[in-house]
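For reference, the chains in residue letters:
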Amino acid sequence: QVQLVESGGGLVQPGGSLRLSCAASGTIFNIFVMGWYRQAPGKQRELVATITSGGTTNYADSVKGRFTISRDNALKTVDLQMNGLEPEDTAVYYCNADIRSYFGRRNYWGQGTQVTVSS
């Protein structure tokens, strides 16, 4: 069974920082693209950032210059460093990964972690 487990959400004031982490576990052969998505109340889930196994990154325009995605291929983890947080960043953040495991290749989601930006 492949799982993605997130940690690091919480409440932060505007302008503050948070770091989200996600760890993949299970019988995993390869992890291709990993990423973070978010869903605010009443809105659709949207891409925040992705990173390939080679380290190529992609960011939503709304977070460029403020958020940084990174991964450790050996540890099977992906992190999201969020600086300069704004109330508009409030959402549930989900880890996502394209994984080849014993069960074949498929896309996995974490359970989500709440990020609230408020004074």
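Structure's up top.
An account of the accompanying structure is given in this report. Computed from a prediction, not measured in an experiment: that's the story for all the values here. (Residues numbered from 1 in each chain as written. Predicted model: local features only at pLDDT ≥ 70, side-chain atom pairs only at ≥ 80, totals over all residues. Heavy atoms only, no water.)

Here the focus is the pattern of salt bridges. Taken as a whole and assessed by the stated rule, the structure comprises seven salt bridges. Between Arg 19 and Asp 79 there is a salt bridge; the shortest N-O distance is 3.2 Å. One end of the pair, Arg 19, is in strand E3 (residues 18-25); the other, Asp 79, is in strand E8 (residues 77-82), and 60 residues separate them in sequence. For Asp 79, a relative accessible area of 16% gives the class buried. (Salt bridge = Lys/Arg side-chain N within 4 Å of Asp/Glu carboxyl O. Helix = DSSP H or I, 4+ residues; strand = E, 2+ residues; numbered from the N terminus. Buried < 20%, exposed > 50% of the residue type's maximum accessible area, 1.4 Å probe, protein only.)

To continue, consider a nonpolar patch on the surface. The grouping of Phe 29, Tyr 102 and Phe 103 at the surface amounts to a nonpolar patch, some 420 Å² of accessible area in total. Locating Tyr 102 in the fold gives a position in the loop between strand E9 (91-101) and strand E10 (104-109). Classification of Tyr 102 by relative accessible area gives exposed; the value is 62%. (Patch = residues over 30% accessible without salt bridge, like charges linked within 9 Å, V, L, I, M, F, W, Y side chains within 5 Å. Areas by Shrake-Rupley, 256 points an atom, 1.4 Å probe, with all protein chains shown as cover.)

Now for the environment of Val 92. Take Val 92: it is sitting in strand E9. C-alpha of Val 92 to C-alpha of Gly 15: the two residues are 77 residues apart in sequence and 18 Å apart in space. If near-sequence neighbours (up to four positions away) are discounted, Val 92 is found in contact with Tyr 37, Arg 38, Gln 39, Gly 112, Thr 113 and Gln 114. (Contact = heavy atoms within 4.5 Å.)

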